[in-house]
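# Topology and contacts: notes
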Amino acid sequence: MTGSRPLRQQLRELRSEAFGADPSGERMERIRRSPNFADGVFQNPVGARTRPSGSKREFAKIYFHKEQRLRRSPGAPIPVHPTTLADLAKPPVSGLRLTWMGHSSVLAEIDGRRVLFDPVWGERCSPFPFAGPKRLHPVPVPLAVLGPVDAVVISHDHYDHLDLPTIKALAGTDTVFAVPLGVGAHLERWGVSEDRIRELDWNETTRIAGLSLTATPARHFCGRGLRNQQHTLWASWAVAGEEHRIFHSGDTGYFPGFKEIGAAHGPFDATMIQIGAYSEYWPDIHMTPEEGMRAHLDLQGGTPHGVMLPIHWGTFNLSPHAWAEPGEWTVDAAEEAGQPVALPRPGEPFEPAGTLPVDPWWRPVSRPIAHPWRRPKPVALPSSDARAGDLDLAGER
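Note that the coordinates shown come from a computational prediction; the quantities given were computed from them, not determined experimentally.

## A word on the confidence of the model for the protein chain
Taken residue by residue, the protein chain gives an average pLDDT of 89. The fraction at 70 or more is 85%. Across residues 379-397, where pLDDT falls below 50, the model places 21 contacts with residues more than four positions away in sequence or in other chains.

## Considering the sheet that holds strand E6 (residues 151-153)
Taken together, seven strands build an open sheet; the order of strands is E8-E7-E6-E5-E4-E3-E15 and the sheet is mixed. If you trace the sheet from one side to the other, it starts and ends with strand E8 (197-200) and strand E15 (349-350), each paired once. Where strand E4 (residues 105-110) lies against strand E5 (residues 113-117), five bridges are found, and the strand directions are antiparallel. Counted as the bridge partner of Glu 109 is Arg 114 from E5.

## Brief notes about the packing of helix H8 (residues 257-265) against helix H9 (residues 289-299)
In contact at an axis separation of 7 Å, H8 and H9 are set at 35 degrees when each is read in the N-to-C sense. The hand of the H8/H9 crossing is right-handed. Between H8 and H9, the residues in contact are Phe 258, Lys 259, Ile 261 and Gly 262 and Ala 295, Asp 298 and Leu 299, respectively.

## Notes on the side chain of His 312
Its location among the elements puts His 312 in the loop between strand E14 (307-311) and helix H10 (325-337). Assessed through its relative accessible area of 2%, His 312 is described here as buried. Only 3.4 Å separates the side chain of His 312 from the side chain of His 161, close enough to count as a polar contact. Excluding anything up to four places from it in sequence, His 312 contacts His 103, Ser 104, Asp 160, His 161, Asp 251, Gln 274, Gly 276, Ala 277, His 286 and Leu 318.

## Things to note about the pattern of salt bridges
With the rule as written, the count across this model stands at 13 salt bridges. A salt bridge links Asp 284 to Arg 49, with the nearest nitrogen and oxygen atoms 3.1 Å apart. In this pair, Asp 284 sits in the loop between strand E13 (270-274) and H9 while Arg 49 sits in the loop between strand E2 (41-42) and helix H3 (56-64), placing the two residues 235 residues apart along the sequence. Residue classification places Asp 284 among the buried residues on the basis of a relative accessible area of 13%. As a salt-bridge pair, Asp 359 and Arg 345 come within 3.0 Å of each other at their nearest N and O atoms. With Asp 359 in the segment after E15 and Arg 345 in the loop between H10 and E15, the pair connects residues that are 14 residues apart, well separated along the chain. By relative accessible area, Asp 359 is classed as partly exposed at 40%. When its relative accessible area of 25% is taken as the criterion, Arg 345 is described as partly exposed.

## Structural notes on the nonpolar core
Counting 68 residues, the largest nonpolar core has Leu 98, Phe 117, Leu 213, Trp 237 and Ile 246 as its most contacted members. Ignoring anything within four residues of it in the chain, the contact list for Leu 213 reads Ala 151, Val 153, Ala 178, Leu 200, Glu 204, Thr 205, Thr 206, Ile 208, Trp 237, Ala 238 and Val 239. Residues Trp 121, Ile 154, Ala 171 and Val 179 belong to the second largest nonpolar core, which totals 24 residues.

## Focus on the environment of Pro 310
Tracing the backbone through its elements, the reader meets Pro 310 in strand E14. Judged by its relative accessible area of 3%, Pro 310 falls in the buried class. If near-sequence neighbours (up to four positions away) are discounted, Pro 310 is found in contact with Trp 100, Ile 273, Ile 275, Thr 330, Val 341, Ala 342 and Leu 343.

## Examining unusual backbone geometry
Following Gly 266, the chain continues to Pro 267 via a peptide bond in cis, the omega torsion being -5 degrees. Mapped onto the secondary structure, Pro 267 falls in the loop between H8 and E13. The phi dihedral of Asp 118 is positive, around 40 degrees, even though this residue is not glycine. Phi angles above zero are rare outside glycine, and Ala 277 is one such case at about 65 degrees.

What counts, and at which threshold
- Residues numbered from 1 in each chain as written.
- Predicted model: local features only at pLDDT ≥ 70, side-chain atom pairs only at ≥ 80, totals over all residues.
- Heavy atoms only, no water.
- pLDDT = per-residue confidence, 0-100.
- Contact = heavy atoms within 4.5 Å.
- Pairing = 2+ DSSP bridges.
- Helix = DSSP H or I, 4+ residues; strand = E, 2+ residues; numbered from the N terminus.
- Axes fitted to C-alpha atoms, helices over the stretch in contact; angles between N-to-C directions.
- Left-handed = near helix turned anticlockwise from the far one by under 90°.
- Buried < 20%, exposed > 50% of the residue type's maximum accessible area, 1.4 Å probe, protein only.
- Polar contact = N/O pair within 3.5 Å; in protein donor to acceptor, adjacent residues only side chain to side chain.
- Salt bridge = Lys/Arg side-chain N within 4 Å of Asp/Glu carboxyl O.
- Core = buried A, V, L, I, M, F, W, Y, C linked by side-chain atoms within 4.5 Å.

Written out as structure tokens, the structure reads:
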């Protein structure tokens, strides 16, 4: 081509930047010394299949079926909270406030500090700006006007959690990044200086602006492309201030380690728990809402406590389930457990100690859900002489 670079070269350069960088040197030596690294890769706390199981043909039939595709997206524009910036201008009365920005991105204001979890402001979670899952609602607040944050916490390096344009925008600020071991290589490639990166193995803790941040285990995997070698760790996070404690699950399948995390770092005033993008084709690496509720209870010592904020749903279409199904199932799981759950619109701040947003805002804009809840719900007998045949055990609404 004359006067411009060939398209193939442009794509290669773009792909290289979006893929980040592989760990090397002292970083790679530290990875090899990790107790969680064996046989050349990072290991999960319990076994997990990281590739889809079952028939690829059956999965493709479900995923590309016209009616199924429609159910995976909202039927009308998603209602985004309209006054986020004005609300955030006032300090939280209780000292703890959470603002779900969509998917797994949460701004946590905790004991006078601001922590931004898994910030994804890009239009697509993909290495390319023209292909891949596209955001289903606009970001509630432009990143440029969000204001300074004390720490950015990354759970792992998948595209829907570690977003190139977002990190490059944050690289020009003074914020400090807390990331799992190996992820720092991506950040340095994208312009974040080494002295602003705190890279942690599981159960390691760093202090930023008076907060204690601990990388805790998760059951997932890593990677940004075909060259992935499982050389970057994935993590959940426990964050503690002087008065409050919060937990962010990142992406994870359910595993018994939540009880240990809760015993060591809880109980928590609020948890941010992944409840979306689950499938029977990958049951080990993402939780259903029922499993997410079980994880929250494990973190709280086995009984309802604090507030659960469901995350990792609503913003991107990443799984065969219906778009609104995670919200509906979380409501049901919370009711069964007697656990308070917050259901904010994207961008709607709330204080766990205050009035919680509980309106099922997704119902007016969602398409029908074939199976609102997977488990039958027994209905109380209307009287002592009611017959068993009068019970409605269908469990569907």
